[in-house]
Amino acid sequence: MKEMYTANENRYDNGMKYERCGRSGVLLPKVSLGFWHNFGSVDPYERSREITHYAFDHGITHFDLANNYGPVYGSAEETMGRLMDDDFSPYRDELFISTKAGYDMWPGPYGNWGSRKYLMASLDQSLKRMHLDYVDLFYSHRFDPETPMEETLQALVDIVRAGKALYIGISNWPLEPLRFATQYLKERDVPLLIYQGKLNMLNREPIEQGILDFCAQEGVGFIAFSPLAQGLLTDRYLNGIPADSRMSKGKFLKESMLTPELLAQLREYNAQAQSQGKTLAESALAWILAQNGVTSVLVGASSTSQLEKNLRCL
Ligand SMILES: NC(=O)c1ccc[n+]([C@@H]2O[C@H](COP(=O)([O-])OP(=O)(O)OC[C@H]3O[C@@H](n4cnc5c(N)ncnc54)[C@H](OP(=O)(O)O)[C@@H]3O)[C@@H](O)[C@H]2O)c1
């Protein structure tokens, strides 16, 4: 018999802080949980489940997914579906669940990029996998230079009109297309809720490229993905490469990235954090949250203890 989950009754009084997402009615937790890794069919379900319980019990109301998170593709959404059935359906209205389409998902010309055909079909598939009637937030996962922006954006508007998503987000779009998107969506009364971009102490492009400033000016929220640079900005790699780490799996975080220069920089960041009585992870997350215009940091975690440590940034 599976143990029943009952959410902690103190979950909104447990240290989490909430931030208004741009100029919208939505409050997001300052720390959100991403399902890119650790929630696929290759991962033990009970561990994924435990991480989500810990998250929700600590006020993390926002879970971020995409069609191709896993591995295998689609399986993180299937895990979400199983979690809805096992644990979270009584709490659906307390959760803010996002998914995306934009990267390769299925073979052939209609399973990638930004066509209306792909976005519409992909979201229908995502809803089935997650056992949801609608998502709170649907993203264009990347900019498609070949598809007219109007086509991608109108598909997003129509998805909202069809009740399949409550809000629209954009991820990884360059500034000029983002400007166009913001205006296009505003004119159709589906204002852009949020931009999702890679921001951390080692990658400051959204600041350098003016994206963060643009979001702040336009009242669009900003959520930072890979805020710990996939684990580099923690104590994970300061003394070697642990066998159970993302880097040892070698696909998305390669050993070749960990150059002597980078290691020296990480050790320096670590020493600075320690001198303030903090961990590197804590101070790396706090650094992002202190940037003007940032709504939330979207962390990944392979254990509840990592999540527990990350929440100390608040
Ligand atoms: N829009 C996009 O294109 C895009 C792209 C990438 C990610 N995202 C989103 O952003 C989310 C987060 O990305 P991410 O997983 O790269 O985030 P991250 O928080 O930078 O890295 C998470 C990884 O860092 C390690 N870690 C986390 N906390 C730790 C701690 N306290 N101490 C030691 N190690 C720690 C774990 O790696 P180990 O597995 O080694 O333990 C964990 O899996 C994704 O799940 C996804 O929702 C979006």
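What you see is a predicted model; the values in this text were computed from it and never measured.

What about the sheet that holds strand 6 (residues 135-140)?
Around the barrel, which closes on itself, the eight strands sit in the order 3-4-5-6-7-8-9-10 with parallel pairing between neighbours. Averaged over all neighbouring strand pairs, the angle between strand axes comes to 30°, with direction disregarded. Here five bridges tie strand 6 to strand 7 (residues 165-171), and the two strands are oriented parallel to one another. Residue V135 lies in a different strand from strand 7, and its bridge partner there is A165. Contacting strand 5 (96-101) and strand 6, helix 3 (residues 116-130) crosses the sheet at an angle of about 140° to strand 5.

Digging into the nonpolar core
L137, F138, I168, I194, Y195, F222 and A224 are the most contacted members of the largest nonpolar core, which totals 81 residues. The dominant element in this core, judged by the number of residues it contributes, is helix 10 (residues 280-289), at five residues. Other than its neighbours up to four places away in sequence, I194 contacts C21, G22, L137, G169, V220, G221, F222, I223 and T295.

Overview of unusual backbone geometry
Generally, phi is negative for residues other than glycine and the peptide bonds are trans, each holding for most cases. Going from G70 to P71, the amide bond is cis rather than trans, its omega being -15°. Note on placement: P71 falls in the loop between strand 4 (62-64) and helix 2 (75-88). Backbone geometry at N38 places phi at a positive 80°, although glycine is not the residue there. Unusually for a residue other than glycine, N172 sits at a positive phi of about 65°. By secondary structure assignment, the location of N172 is in the loop between strand 7 and helix 5 (175-187).

Some words on the environment of T295
Inspection of the secondary structure assignment puts T295 in the loop between helix 10 and strand 10 (296-299). Sequence spacing of T295 and P148 is 147 residues, and the spatial spacing of their C-alpha atoms is 29 Å.

Notes on the site of the ligand
Near the ligand there are 30 residues, and of these G34, W36, F225, G231 and G300 occur at the shortest range. Mapped by element, the contributors of at least two residues to the shell around the ligand are strand 10 and helix 11 (304-310). Top element by residues in the shell around the ligand is helix 11. It accounts for three residues.

Some points on helix 1 (residues 45-57)
Helix length check: helix 1 (13 residues) gives 18 Å between terminal C-alpha atoms against 18 Å at 1.5 Å per residue, within 8%. All buried positions along helix 1 are accounted for by S48, R49, I51, T52, Y54, A55 and F56. In the core, the buried residues of helix 1 are packed alongside strand 3 (31-34), helix 2 and helix 11. Immediately downstream of helix 1, the backbone of G59 shows phi near 85°, a positive value.

Cut-off values and rules
- Residues numbered from 1 in each chain as written.
- Predicted model: local features only at pLDDT ≥ 70, side-chain atom pairs only at ≥ 80, totals over all residues.
- Pairing = 2+ DSSP bridges.
- Helix = DSSP H or I, 4+ residues; strand = E, 2+ residues; numbered from the N terminus.
- Axes fitted to C-alpha atoms, helices over the stretch in contact; angles between N-to-C directions.
- Contact = placed C-beta atoms within 7 Å.
- Core = buried A, V, L, I, M, F, W, Y, C linked by C-beta atoms within 7 Å.
- Buried ≥ 20, exposed ≤ 12 C-beta atoms within 10 Å, placed from the backbone.
- Near = placed C-beta within 6 Å.
- Expected span 1.5 Å × (residues − 1).

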